[in-house]
Amino acid sequence: MKRIVAILIATAMTIGMLAGCAPAQNQTTSPDNGQTDTNAAGNGSDKVVCGVVLIDMTNQFFVDMIEGGNKAAEDYGGEVVWKSADGNFDNQISLIENFIEQGVDCILVDPLDSEGLKPVIEKASQAGIPTITMAGQVDVDTNYSTVYNDKENTRIIAEMTAKAIGEQGKTALLYGNKGNLVSDLRQEGYYEGMEKYPNIAVVEQPTNWDPPTGMKAAQDLIAANPDLKAIHCVSGAVTLAVYQAVKTAGKEKDILITSYDGNADELTAVKNGQFYSTVLTGAKKTGYWNIQVALQLAAGERPAEHIINMDTHFVMNEDHIKAFQEMAIENTENVSLLTPDEASERAANYRDELYDPDLLK
């Protein structure tokens, strides 16, 4: 691997500062005093700067991503400018265009609409800036996609749910939004799994990755479908809000809840029996991993594959793990199964799992 020629300055910002800043502001790590530096990108310095456009900065998954990404910047000597689209696609385009004008070294975005971003990703490519669509796929030569095995994982969740509720009844799917690759794949996987169970009906609602929207969607679905047996939500932070709707309706014992992301509160919910299961992606690990890849791209590295996968783990209590193993669901022989305590330990040790002191040498 080629050595980064520029002298990189290690930087860090605490997660509390990030959570307390307005979502649309520039947020960067700063090695001198830990304060927010709103002029780091494109300031003529010799820093390697990665510009990141998130869907928002209030969802706990994204908050944890920022912490992990800043840790990677500190470990490898880079700088990250975090910006929020506040759930608005036009904002995403504008923020990417700003990063292009500032001349950052790599741009990362969690697309609200992957296909719609293609023109601005091409613009970044023409400016010589590599890009990463996190959980999104855009067909541009200099773009890389960082993804999980979302469709297959959610197919397994659907079949597990079907068997757990007796292979009949009604289930609900709460997805993110159409056009987001993660949401689309998780939605496709759920329906693919449920196709094998003709006595199960699926109702669905979008949530736009927003917990209050998810809570309202769950309330509406529960009211319209009093016989609902299960809810799967494709985003952990939203699932926590959905659980509150289930609890308020007095349906905790009637509705099986499954989730995806594996943030700390989800793992607690699995441990307490409030959720049947979740999938651990590890938000901090995701942030670290993406910035690690971005710094490699900024250094001139070009992975052979444009779609880069990260591992995931199914999280259940011991009784549900045993039940899962007895379900004999197709193609689950190599699925990683963790208890909530095991998942918490793994999530906490993400840096030890990923850090490579020779990565950029």
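Not measured: the values here are computed from a predicted model. (Residues numbered from 1 in each chain as written. Predicted model: local features only at pLDDT ≥ 70, side-chain atom pairs only at ≥ 80, totals over all residues. Heavy atoms only, no water.)

(A) Here's a closer look at the overall build of the protein. When you go through the protein residue by residue, the secondary structure sums to 13 helices and 14 strands. Expressed as a percentage of its 361 residues, the buried residues of the protein come to 55%. Sequence separation of 24 or more characterises 72% of the internal contacts of the protein that already satisfy a separation of 6 or more. Within the structure as shown, the protein displays about 14,800 Å² of accessible surface, and the carbon and sulfur contribution to it stands at 45%. (Helix = DSSP H or I, 4+ residues; strand = E, 2+ residues; numbered from the N terminus. Buried < 20%, exposed > 50% of the residue type's maximum accessible area, 1.4 Å probe, protein only. Contact = heavy atoms within 4.5 Å. Areas by Shrake-Rupley, 256 points an atom, 1.4 Å probe, with all protein chains shown as cover.)

(B) Region of interest: the side chain of S277. Relative to the elements of secondary structure, S277 occurs in the loop between α9 (264-271) and β11 (278-280). For S277, a relative accessible area of 1% gives the class buried. Look past the residues within four positions of S277 in its chain and what remains in contact with it is M160, I257, T258, S259, V270, V315 and M316.

(C) Local environment of the sheet that holds strand β13 (residues 313-315). If you walk across this open sheet you meet the 3 strands as β11-β13-β14, and the pairing is mixed. Bordering the open sheet on either side are β11 and β14 (337-338), each of which pairs with just one other strand. In this sheet, β14 lies alongside β13 in parallel orientation, the contact comprising 2 bridges. From the neighbouring strand, V315 faces β14, where its bridge partner is L338. (Pairing = 2+ DSSP bridges.)

(D) Examining the packing of aromatic side chains more closely. Summed over all chains, the structure comprises 6 aromatic pairs. Here Y288 and Y350 contribute two aromatic rings whose centre-to-centre distance is 5.8 Å and whose plane-to-plane angle is 70°, an arrangement assigned as edge-to-face. Separated by 62 residues along the polypeptide, Y288 in helix α10 (residues 283-298) and Y350 in helix α13 (residues 350-354) bring together distant segments of the chain. Using a relative accessible area of 8% as the deciding quantity, one classes Y350 as buried. Ring geometry for F314 versus F324: centroids 6.2 Å apart, planes at 25°, classification stacked. Here F314, found in strand β13, pairs with F324, found in helix α11 (residues 318-327); they are 10 residues apart in sequence, far enough to count as distant. By relative accessible area, which is 4% here, F324 ends up buried. The rings of Y76, Y288, Y350 and Y355 are connected pair by pair, giving a single aromatic cluster. The ring centre of Y260 lies 3.5 Å from the NZ or CZ of R186, which sits over that ring. For R351, the ring lying beneath its charged end belongs to Y355, and the centroid distance is 4.1 Å. (Phe/Tyr/Trp six-rings, centres within 6.5 Å; stacked < 30°, edge-to-face > 60°. Lys NZ or Arg CZ within 6 Å of the ring centre and 35° of its normal.)

(E) Highlighting the nonpolar core. By size, the foremost hydrophobic cluster in this structure holds 65 residues, and its most contacted members are V52, L54, W82, L108, I132 and I291. The element that contributes the greatest number of residues to this core is α10, accounting for 8 residues. Counting residues in hydrophobic clusters, the runner-up holds 24 residues, among them L228, C233, V238 and L280. (Core = buried A, V, L, I, M, F, W, Y, C linked by side-chain atoms within 4.5 Å.)

(F) Molecular detail of helix α5 (residues 150-164). Here α5 is 15 residues long and its end C-alpha atoms lie 21 Å apart, about the 21 Å a rise of 1.5 Å per residue gives. The buried count for α5 comes to 11 of 15 residues, which makes it a mostly enclosed element. Looking only at α5, the buried set comprises D150, N153, T154, R155, I156, I157, A158, E159, M160, T161 and A162. Taken from the residues just after α5, G166 is the one with a positive phi, measuring 85°. (Expected span 1.5 Å × (residues − 1).)

(G) Quick peek at the environment of N180. Positionally, N180 belongs in the loop between β7 (169-175) and α6 (181-194). In this structure N180 comes out as buried when scored by relative accessible area, which is 1%. Linking N180 and G136, residues 44 residues apart in sequence, is a C-alpha distance of 6.6 Å. The residues touching N180, leaving out its near neighbours within four places in the chain, are I55, D110, P111, L112 and W209.

(H) Molecular detail of the pattern of salt bridges. One pass over the structure, following the stated rule, counts 20 salt bridges. The closest approach of N and O atoms between D220 and K216, which form a salt bridge, is 2.9 Å. Here D220 pairs with K216, and both are found in helix α7 (residues 211-224), just 4 residues apart, close to one helical turn. Assessed through its relative accessible area of 39%, D220 is described here as partly exposed. Its relative accessible area of 45% is what places K216 among the partly exposed residues. Here D311 and K285 are joined by a salt bridge, their closest N and O atoms 2.8 Å apart. On the criterion of sequence distance, the pair formed by D311 in the loop between β12 (307-309) and β13 and K285 in helix α10 is long-range, its members being 26 residues apart. Under the relative-accessibility criterion, K285 is labelled buried at 7%. Residues joined in a network through salt bridges with shared partners are E152, R155, E159, K196 and E330. (Salt bridge = Lys/Arg side-chain N within 4 Å of Asp/Glu carboxyl O.)

(I) Highlighting a negative patch on the surface. A cluster of acidic residues, E115, E122, D139 and D141, forms a negative patch at the surface. Here D141 falls in the exposed class, since its relative accessible area comes to 70%. (Patch = residues over 30% accessible without salt bridge, like charges linked within 9 Å, V, L, I, M, F, W, Y side chains within 5 Å. Lys, Arg positive; Asp, Glu negative; His and termini not counted. Charge placed at Lys NZ, Arg CZ, Asp CG, Glu CD.)

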